[in-house]
Amino acid sequence: SQELEQSPQSLIVQEGKNLTINCTSSKTLYGLYWYKQKYGEGLIFLMMLQKGGEEKSHEKITAKLDEKKQQSSLHITASQPSHAGIYLCGAAAGNTGKLIFGQGTTLQVKP
Amino acid sequence: DAGITQSPRHKVTETGTPVTLRCHQTENHRYMYWYRQDPGHGLRLIHYSYGVKDTDKGEVSDGYSVSRSKTEDFLLTLESATSSQTSVYFCAISPRGQSNQPQHFGDGTRLSIL
């Protein structure tokens, strides 16, 4: 079965610094999703990547899917306290829309 | 925001009691999913539904049952709750269950079984 490994598991950065979170799959990725979760709340959809080499940006967050389609990275530029939370990557598993998730990366941004 | 409501938001109950969690959507989406979230495990799929009365198991379905009698409601039942089922439960929806469509999530139900 497919597994997703996120790294690092947790991250503390100073406000204004850049950071990267990685998501590595044990199998080829067909549809990779990034979500953000604040404590006690649900998951907020950030971005979806499908094609190898694809890159998408939303405000100061950029996500990429590598050419071989087994890894994705999420990059935050000039981090802000509002970026704090748990970031999860999810991958499509089969054709019924089922997702498998990485274990999450907890991000703290110090003012 | 996707119209997804989970109820209750918090529940504390005792081992051996039945528990039902409800997910209600106003988007008329065909696919609905139940996940549980535990530290170190991310989210894991319990059951999902691809239409009224059409359901299937996920990776951690033991001890859980589901029902979907209407498009808008998806119920998750723990017939006899155990402490290992203490978790945060999330419902998600998707219009057609395809890999090119993101799922949208409810705010979760925090369930504690003592």
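Structural data are supplied above this passage.
Everything in this summary refers to the structure shown in the same document.

How each quantity is defined
- Residues numbered from 1 in each chain as written.
- Chains lettered and ligands numbered in written order.
- Predicted model: local features only at pLDDT ≥ 70, side-chain atom pairs only at ≥ 80, totals over all residues.
- Heavy atoms only, no water.
- Contact = heavy atoms within 4.5 Å.
- Buried area = accessible area lost by both parts, 1.4 Å probe.
- Salt bridge = Lys/Arg side-chain N within 4 Å of Asp/Glu carboxyl O.
- Polar contact = N/O pair within 3.5 Å; in protein donor to acceptor, adjacent residues only side chain to side chain.
- Buried < 20%, exposed > 50% of the residue type's maximum accessible area, 1.4 Å probe, protein only.
- Helix = DSSP H or I, 4+ residues; strand = E, 2+ residues; numbered from the N terminus.
- Pairing = 2+ DSSP bridges.
- Core = buried A, V, L, I, M, F, W, Y, C linked by side-chain atoms within 4.5 Å.
- Phe/Tyr/Trp six-rings, centres within 6.5 Å; stacked < 30°, edge-to-face > 60°.
- Axes fitted to C-alpha atoms, helices over the stretch in contact; angles between N-to-C directions.
- Disulfide = S-S within 2.5 Å.

1. A look at the interface of chain A and chain B
And step 1. Each side of the interface is counted separately: chain A has 23 residues, and chain B has 24 residues.
And step 2. Summing the contributions of chain A and of chain B, the shared interface buries around 1800 Å²; its carbon and sulfur component is 54%.
And step 3. Applying the counting rule to chain A against chain B returns 0 salt bridges.
And step 4. There are 2 residue pairs in polar contact (both at pLDDT 80 or more) connecting chain A and chain B.

2. Let's talk about the pairing of strand E11 (residues 109-113) of chain B
Residue and element names in this part refer to chain B.
And step 1. Burial along E11 is one-sided: the residues Thr-109, Leu-111 and Ile-113 are buried and none of Arg-110 and Ser-112 is.
And step 2. Two strands pair when backbone bridges link them, and strand E2 (residues 10-13) and E11 are joined in this way by 4 bridges, in the parallel orientation. Bridge pairing links His-10 to Arg-110 in E11.

3. Brief notes about the nonpolar core
And step 1. Within the largest apolar cluster, 22 residues are counted, with the highest numbers of intra-cluster contacts made by Leu-4, Leu-32, Trp-34, Leu-74, Tyr-87 and Leu-107 of chain A.
And step 2. In contact with Leu-74 of chain A, other than residues within four places in its own chain, are Leu-19, Thr-20, Ile-21, Trp-34, Met-47, Ile-61, Thr-62, Ala-63 and Tyr-87 of chain A.
And step 3. Val-19, Val-60, Val-66 and Leu-78 of chain B belong to the second largest nonpolar core, which has 19 residues in total.

4. A word on the packing of aromatic side chains
How two aromatic rings sit relative to each other is given by the distance of their centres and the angle of their planes.
And step 1. Applying the stated criterion across every chain yields a total of 13 aromatic pairs over all chains.
And step 2. With a centroid separation of 6.3 Å and an interplanar angle of 20 degrees, the aromatic rings of Tyr-31 of chain B and Tyr-33 of chain B are classed as stacked. Residue Tyr-31 of chain B shares its accessibility class with Tyr-33 of chain B, and that shared class is buried.
And step 3. An angle of 45 degrees between the planes, with centres 6.3 Å apart, marks the rings of Tyr-48 of chain B and Tyr-50 of chain B as tilted.
And step 4. Overall, the relative accessible area of 4% leaves Tyr-48 of chain B in the buried class.
And step 5. Under the relative-accessibility criterion, Tyr-50 of chain B is labelled partly exposed at 29%.
And step 6. Grouping aromatic residues by their ring pairs yields a cluster made of Tyr-33, Tyr-35, Phe-45 and Phe-101 of chain A together with Tyr-31, Tyr-33, Tyr-35, Tyr-48, Tyr-50 and Phe-105 of chain B.

5. Overview of the sheet that holds strand E3 (residues 19-25) of chain A
All names here are of chain A.
And step 1. Reading across the sheet, the 5 strands line up as E1-E3-E8-E7-E6 and stay open at both edges, with antiparallel pairing between neighbours. Of all strands in the sheet, those with a lone pairing partner are strand E1 (4-7) and strand E6 (55-58), marking the two edges. Here the strands of the sheet are splayed against their neighbours by 15 degrees on average, with no regard to which way each runs.
And step 2. For strand E7 (residues 61-65) and strand E8 (residues 71-76), the ladder comprises 5 bridges, and the chain directions are antiparallel. Looking across to E8, one finds that Ile-61 is bridged to Ile-76.

6. Here we look at the environment of Tyr-89 of chain B
All names here are of chain B.
And step 1. Counting through the fold element by element, Tyr-89 comes out in strand E9 (residues 87-94).
And step 2. Sequence-wise, Tyr-89 and Gly-63 are 26 residues apart; in three dimensions their C-alpha atoms are separated by 14 Å.
And step 3. Setting aside chain neighbours within four positions, we find Tyr-89 in contact with Gln-6, Leu-21, Trp-34, Tyr-35, Arg-36, Ile-46, Tyr-64, Leu-76, Leu-78, Gly-108, Thr-109 and Leu-111.

7. What to know about the sheet that holds strand E8 (residues 73-78) of chain B
For sheets, the rule is that strands pair by backbone hydrogen bonds, running either parallel or antiparallel.
Residues and elements named next belong to chain B.
And step 1. In spatial order, the strands read E1-E3-E8-E7; together these 4 strands make up an open sheet with antiparallel pairing. The sheet is open, and its two borders are formed by strand E1 (4-7) and strand E7 (64-70), each paired with just one other strand. Strand-to-strand twist of the sheet, defined as the mean angle between neighbouring strand axes without regard to direction, takes the value 20 degrees.
And step 2. Pairing geometry for E1 and strand E3 (residues 19-25), over 4 bridges, is antiparallel. For Ile-4, the partnering residue across the bridge sits in E3 and is Gln-25.

8. A look at the side chain of Thr-105 of chain A
Residues and elements named next belong to chain A.
And step 1. By the secondary structure assignment, Thr-105 is in strand E11 (residues 105-110).
And step 2. There is a polar contact of 2.6 Å between the side chain of Thr-105 and the backbone oxygen of Pro-8.
And step 3. Dropping the residues within four chain positions of it, Thr-105 is found in contact with Gln-6, Ser-7, Pro-8, Gln-9, Ser-10, Ile-21, Gly-85, Ile-86 and Tyr-87.

9. Considerations on the state of the cysteines
Residues and elements named next belong to chain A.
And step 1. Scanning the entire structure with this criterion turns up 2 disulfides over all chains.
And step 2. Linked covalently through their sulfurs, Cys-23 and Cys-89 form a disulfide whose S-S length is 2.1 Å. The disulfide joining Cys-23 to Cys-89 has a torsion of about 75 degrees about its S-S bond and is therefore right-handed. With a gap of 66 residues between them, Cys-23 in strand E3 and Cys-89 in strand E9 (residues 85-92) connect regions that are remote in the sequence.

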